[in-house]
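The residues making up each chain are set out below.
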Amino acid sequence: QVTLVESGGGLVQAGESLTLSCAASGHAFNSFAMGWFRRAPGKEREFVAAILWKAGATYYGDSVKGRFTISRDNNKNVAYLRMNNLEAGDTAIYYCAAPGPYSGTGYEPSREGEYIHWGQGTQVTVSS
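Residues numbered from 1 in each chain as written. Predicted model: local features only at pLDDT ≥ 70, side-chain atom pairs only at ≥ 80, totals over all residues. Heavy atoms only, no water.

K.L.:
An account of the state of the cysteines is needed here, citing residue identities and associated values.
P.N.:
Working definition of a disulfide: a covalent bond connecting the sulfur atoms of two cysteines. This model, assessed by the stated rule, comprises 1 disulfide. Here C22 engages in a disulfide with C96; their sulfurs sit 2.1 Å apart. Disulfide C22-C96: torsion about the S-S bond near 65°, hence right-handed. Here the residue C22 occupies a position in strand β3 (residues 18-25), and C96 occupies one in strand β9 (residues 92-98), the gap between them amounting to 74 residues. (Disulfide = S-S within 2.5 Å. Helix = DSSP H or I, 4+ residues; strand = E, 2+ residues; numbered from the N terminus.)

Pasting the structure below:
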(Lines give C-alpha, C1' and ligand atoms only; values in the text may rest on other atoms or scores of the structure.)
Protein backbone atom coordinates (compact mmCIF):
# COMPACT_ATOMS: atom_id res chain seq x y z
CA GLN A 1 0.00 0.00 0.00
CA VAL A 2 1.32 3.44 -1.02
CA THR A 3 -0.07 6.71 0.27
CA LEU A 4 0.70 10.18 -1.10
CA VAL A 5 -0.26 13.28 0.89
CA GLU A 6 0.04 16.82 -0.45
CA SER A 7 0.34 19.88 1.76
CA GLY A 8 1.23 23.54 1.55
CA GLY A 9 -1.63 24.94 -0.49
CA GLY A 10 -3.34 28.18 0.35
CA LEU A 11 -4.41 31.63 -0.77
CA VAL A 12 -1.74 34.00 -2.10
CA GLN A 13 -1.51 37.20 -4.09
CA ALA A 14 -0.33 37.24 -7.67
CA GLY A 15 3.45 37.53 -7.84
CA GLU A 16 4.03 35.73 -4.56
CA SER A 17 5.57 32.30 -4.03
CA LEU A 18 4.39 29.08 -2.45
CA THR A 19 5.94 25.67 -1.83
CA LEU A 20 3.97 22.43 -1.94
CA SER A 21 5.07 19.14 -0.40
CA CYS A 22 4.20 15.56 -1.23
CA ALA A 23 5.01 12.89 1.33
CA ALA A 24 5.07 9.25 0.23
CA SER A 25 4.65 6.42 2.69
CA GLY A 26 4.15 2.68 2.68
CA HIS A 27 6.46 -0.30 2.65
CA ALA A 28 5.67 -0.92 -1.01
CA PHE A 29 6.81 2.53 -2.14
CA ASN A 30 9.51 1.97 -4.74
CA SER A 31 8.50 4.43 -7.44
CA PHE A 32 11.29 5.73 -9.63
CA ALA A 33 9.79 9.21 -10.05
CA MET A 34 7.30 11.70 -8.69
CA GLY A 35 5.06 14.02 -10.66
CA TRP A 36 2.83 17.02 -10.06
CA PHE A 37 -0.42 17.65 -11.92
CA ARG A 38 -3.08 20.30 -11.47
CA ARG A 39 -6.75 20.69 -12.30
CA ALA A 40 -8.42 24.07 -12.61
CA PRO A 41 -12.22 24.38 -12.51
CA GLY A 42 -13.73 23.44 -15.84
CA LYS A 43 -10.39 22.34 -17.28
CA GLU A 44 -8.68 19.03 -17.86
CA ARG A 45 -5.93 17.88 -15.54
CA GLU A 46 -2.59 19.33 -16.65
CA PHE A 47 0.98 18.14 -16.20
CA VAL A 48 3.10 20.47 -14.07
CA ALA A 49 6.44 18.84 -13.25
CA ALA A 50 8.19 15.56 -12.52
CA ILE A 51 11.48 14.38 -11.08
CA LEU A 52 13.46 11.15 -10.99
CA TRP A 53 14.21 10.02 -7.44
CA LYS A 54 17.74 8.81 -8.05
CA ALA A 55 19.22 10.91 -10.85
CA GLY A 56 17.16 14.02 -10.09
CA ALA A 57 16.36 14.80 -13.72
CA THR A 58 13.43 17.20 -13.96
CA TYR A 59 10.63 17.83 -16.45
CA TYR A 60 8.20 20.76 -16.67
CA GLY A 61 5.02 21.66 -18.42
CA ASP A 62 5.21 24.59 -20.80
CA SER A 63 2.89 26.76 -18.72
CA VAL A 64 5.12 26.67 -15.62
CA LYS A 65 8.60 26.37 -17.07
CA GLY A 66 10.88 29.04 -15.64
CA ARG A 67 8.60 29.76 -12.67
CA PHE A 68 8.22 26.41 -10.87
CA THR A 69 10.95 24.16 -9.50
CA ILE A 70 10.54 20.53 -8.45
CA SER A 71 12.91 18.89 -5.99
CA ARG A 72 13.03 15.89 -3.69
CA ASP A 73 14.45 14.63 -0.40
CA ASN A 74 15.25 10.96 -0.95
CA ASN A 75 15.83 10.29 2.75
CA LYS A 76 12.35 11.50 3.67
CA ASN A 77 10.49 10.38 0.54
CA VAL A 78 9.21 13.91 0.06
CA ALA A 79 8.88 15.83 -3.19
CA TYR A 80 8.51 19.60 -3.34
CA LEU A 81 7.11 22.05 -5.82
CA ARG A 82 8.38 25.61 -5.47
CA MET A 83 6.06 27.98 -7.27
CA ASN A 84 7.40 31.47 -7.95
CA ASN A 85 5.70 34.50 -9.48
CA LEU A 86 2.27 32.92 -9.19
CA GLU A 87 -0.45 34.03 -11.56
CA ALA A 88 -4.22 33.87 -11.39
CA GLY A 89 -4.11 31.13 -14.00
CA ASP A 90 -2.21 28.92 -11.55
CA THR A 91 -5.31 28.57 -9.38
CA ALA A 92 -6.08 24.86 -9.24
CA ILE A 93 -6.03 21.74 -7.15
CA TYR A 94 -2.51 20.34 -7.22
CA TYR A 95 -1.96 16.58 -7.10
CA CYS A 96 1.18 14.57 -6.69
CA ALA A 97 1.46 11.22 -8.38
CA ALA A 98 3.90 8.34 -8.55
CA PRO A 99 4.47 5.50 -10.98
CA GLY A 100 5.40 2.00 -9.95
CA PRO A 101 8.86 0.52 -10.42
CA TYR A 102 10.51 1.46 -13.69
CA SER A 103 9.30 -0.85 -16.43
CA GLY A 104 12.36 -0.41 -18.60
CA THR A 105 10.28 0.67 -21.58
CA GLY A 106 10.76 4.42 -21.22
CA TYR A 107 9.03 7.20 -19.36
CA GLU A 108 6.83 10.03 -20.58
CA PRO A 109 6.43 12.38 -17.58
CA SER A 110 3.39 14.27 -18.86
CA ARG A 111 1.28 11.18 -19.50
CA GLU A 112 -1.23 10.50 -16.73
CA GLY A 113 -1.19 6.81 -17.55
CA GLU A 114 2.38 6.57 -16.27
CA TYR A 115 1.19 7.09 -12.71
CA ILE A 116 -0.61 4.56 -10.53
CA HIS A 117 -0.57 6.34 -7.14
CA TRP A 118 -2.31 9.67 -6.60
CA GLY A 119 -2.74 12.02 -3.68
CA GLN A 120 -5.99 13.75 -2.76
CA GLY A 121 -4.78 17.19 -3.81
CA THR A 122 -4.16 20.55 -2.20
CA GLN A 123 -5.88 23.78 -3.22
CA VAL A 124 -3.85 26.72 -4.49
CA THR A 125 -5.72 29.97 -5.02
CA VAL A 126 -4.02 33.03 -6.52
CA SER A 127 -5.82 36.35 -6.29
CA SER A 128 -5.11 38.98 -8.92
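Moving on from the model shown.
K.L.:
Account for the nonpolar core, naming residues and giving values.
P.N.:
Formed by 28 residues in total, the largest nonpolar core has its most connected members in L4, M34, W36, L81, M83 and Y94. Looking at this core, the elements that each hand over two or more residues are β3, β4 (33-39), β5 (46-52), β7 (68-73), β8 (78-83), β9 and β11 (122-127). Look past the residues within four positions of M83 in its chain and what remains in contact with it is E16, S17, L18, L20, R67, F68, Y94 and V124. Counting 9 residues, the second-largest nonpolar core is a separate cluster that includes F32, F37, A97 and Y107. (Core = buried A, V, L, I, M, F, W, Y, C linked by side-chain atoms within 4.5 Å. Buried < 20%, exposed > 50% of the residue type's maximum accessible area, 1.4 Å probe, protein only. Contact = heavy atoms within 4.5 Å.)

K.L.:
Got a sec to walk through the sheet that holds β8? Specific residues and values, please.
P.N.:
Here 4 strands make up an open sheet; going across it, the order is β1-β3-β8-β7 and the pairing antiparallel. Looking at the sheet topology across the chains shown, the edges are occupied by β1 (3-7) and β7. Pairs of neighbouring strands in the sheet enclose a mean axial angle of 15°, with direction left out of account. Where β3 and β8 come together, 6 bridges link them in antiparallel fashion. In the strand pairing of β8, S21 is matched with Y80. (Pairing = 2+ DSSP bridges. Axes fitted to C-alpha atoms, helices over the stretch in contact; angles between N-to-C directions.)

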